[in-house]
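Here are the chains, one letter per residue:
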Amino acid sequence: MQSAVDLSGRPIHFIGIGGIGMSALAHILLQRQLPVSGSDVRTNRITQHLQALGAHIFSQQSAANIEQLCQAAGSHRTSINAHSFAHPPQNNSRQPKPQATFSPSPLPCTVPQIICSTAIHDDNLEYQAAVASGCPIFHRSDVLAALIQEFPNSIAIAGTHGKTTTSSLIGYLLFKAKLDPTIIVGGEVAAWGGNARIGESSYLVAEADESDGSLVKFLPQIGVITNIELDHPDHYSALEQVVEIFQQFVEHCQTMIVCVDCPTITDQLLATAIPVPLITYGVDPSARADYTVEHIAYTGDGTTVQVLEHGKILGQLQLQLLGQHNLSNALAAVAVGRYLGLDFRVIADALSTFTGTKRRFETYGEAQGITFVDDYAHHPSEIQATLAAARLQANAMAVKYLQSRVIAVFQPHRYSRVKTFLAEFSQSFPEADLVVVTDIYSAGEANPDNLQGQGVADAIALHHPTVTCQRTLANVVDFLQAHLQSGDVVLFLGAGDLNRIIPQVLAHYQSLPCSPSPEVVLQ
């Protein structure tokens, strides 16, 4: 299974270069001195960073971008079937996953290869111009697959939840252990100043996404699976389809490391023979994993445990990350580190200094005794795990303040996800003292069922005593500025644009002369 993306010097153009996954790939290619350009409808610090590295950035997605790039190549054109892999298969497809079929063509070397994500559709004018111009078009996963194949010691981290944090932990571990890895993750890490890092060694750590089926194209030396759930009903119609994708991923890895705390992994993925060496990890000692823990102490400052390897104590691990889900992520990093031959003390020392990834329980700041936290959680089980961590932090703050509450501000993400998981969402907030629900962030989806944020709030209210719907982000700002009090942990949940209001609310409380203490009165 080979990708024909040419990484030897042929220009590469990203449609939607500012996305977190696309920008990481662009960063790596720029650091390799490849000619990179890209377009995005929004200019942000990510696109500005790429521009500083040498990328040519177009501020809109337009046919004129392709025309400008192709003009530099001259008038020579060769007809290419650009649709052979523009997008991954749709959710009902049972056919073998199509692979990129482009091979080196007689096109001039300056004609760009076009890289798209699943978010770029056939009606995108820039995409249409690329097709009409005969540019070879690839999915972003083809670029990652090509990079993975270049590194003898490649590690791909997959899973429905936790893969960004786990990838970052493993990348950070190798970085601190002086193995000089190349790192490609779906979040920004302060240690290497972004979502990607280029190293000089044979090690690559990459986050591998299952959302669109492209996971099957990766051929790493080590594969890690954190868990398996249905999270993308826009692409998969049933959990069984998700399991099939992960089964194919397993077959493409040389060694597998999996979390046996996940029932889908134990009951379905491991129900059949695994054709490669298998290493297991799990927080639950009853799972009898190769790597597990005992004497767990969860606090508002982090987690402390004893780590066991095949039943024997390796030593103590202290984490700054909160909650059981992050302990599980760190245990995956321990398993990878030990497989690579690292001394446990090196592993423990490294992981103890990891402070997290942007948008994964990221503390924005504190004002008037109120802590503002941003988290990307958008699936019911993610929300429950993140709120459990917030409760730990709130309990720690209760020592200082007369009371401490967890305020969950939830922006539902995608109509298809809300429709599929509404019952699960309705019961995901028991750890919150107050739930604030916004309108649904569409992520470009149509809304044939006329789903609204108020409906989500009403469903949650069937299981929670204190829920309010504040439809717009402006409404949320007004509500929070009127109702927070000292000791509150305010958790902003969602994969949309909810986090852009955090600085405004934080600045409001920073400007107050004394601590607020209003009673909560729902509108």
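Further up the page is the structure itself.
Reading guide: rules and limits
- Residues numbered from 1 in each chain as written.
- Predicted model: local features only at pLDDT ≥ 70, side-chain atom pairs only at ≥ 80, totals over all residues.
- Heavy atoms only, no water.
- Pairing = 2+ DSSP bridges.
- Helix = DSSP H or I, 4+ residues; strand = E, 2+ residues; numbered from the N terminus.
- Axes fitted to C-alpha atoms, helices over the stretch in contact; angles between N-to-C directions.
- Contact = heavy atoms within 4.5 Å.
- Buried < 20%, exposed > 50% of the residue type's maximum accessible area, 1.4 Å probe, protein only.
- Core = buried A, V, L, I, M, F, W, Y, C linked by side-chain atoms within 4.5 Å.
- Right-handed = clockwise from strand over helix to strand, strands pointing away.

Q: For this particular structure, what's the right way to read the sheet that holds strand S17 (residues 370–375)?
A: Adjacent strands of a sheet form backbone hydrogen bonds with each other and so pair up, either parallel or antiparallel. On the basis of which strands lie adjacent, the open sheet formed by six strands has the order S16-S17-S21-S18-S19-S20 and mixed pairing. The sheet is open, and its two borders are formed by strand S16 (362–367) and strand S20 (467–469), each paired with just one other strand. The mean angle between the axes of side-by-side strands here comes to 15°, regardless of whether they run parallel or antiparallel. Against the sheet, helix H13 (residues 453–461) engages strand S18 (406–410), strand S19 (434–437) and S20, with an angle of about 175° to S20.

Q: Before we go on, may I ask you to explain helix H14 (residues 473–483) in this structure?
A: The periodicity of an α-helix, 3.6 residues per turn, causes residues three or four places apart in sequence to face the same way. Inspection of H14 places Leu 473, Val 476, Val 477, Phe 479, Leu 480 and His 483 among the buried residues, and these make up the whole buried set. In this structure, the buried residues of H14 make contact with S18, S19, S20, strand S21 (489–493) and helix H15 (502–510).

Q: Would you mind showing me how to read the nonpolar core here?
A: Where a protein is soluble and globular, its nonpolar side chains tend to be buried together. Counting 87 residues, the largest nonpolar core has Phe 14, Ile 184, Ile 225, Phe 249, Leu 387, Phe 429 and Leu 493 as the members making the most contacts within it. Sort the elements by how many residues they give to this core and helix H1 (residues 20–31) lands first, with seven residues. Beyond its immediate stretch of four places on either side in the chain, Phe 14 contacts Met 22, Leu 25, Ala 26, Leu 29, Val 36, Ser 37, Gly 38, Ser 39 and Ile 115. With 43 residues, the next largest nonpolar core counts Leu 169, Tyr 172, Ile 183 and Val 205 among its residues.

Q: What exactly am I supposed to notice about the pairing of strand S4 (residues 113–116) here?
A: Side chains on a regular strand alternate between the two faces of the sheet. Residues Gln 113 and Ile 115 line one face of S4 and the alternating positions Ile 114 and Cys 116 line the opposite face, and both faces are buried. Sheet topology places strand S1 (residues 12–15) next to S4; three bridges connect them, and they run parallel. Of the residues in S4, the one forming a bridge with Ile 12 is Gln 113. Two strands pair when backbone bridges link them, and S4 and strand S5 (residues 137–139) are joined in this way by three bridges, in the parallel orientation. By the bridge assignment for S5, Cys 116 is matched with His 139. With respect to chirality, the unit in which S4 leads through helix H4 (residues 125–132) into the neighbouring parallel S5 is right-handed.

Remember that the coordinates give geometry; whether it matters functionally is a separate question.
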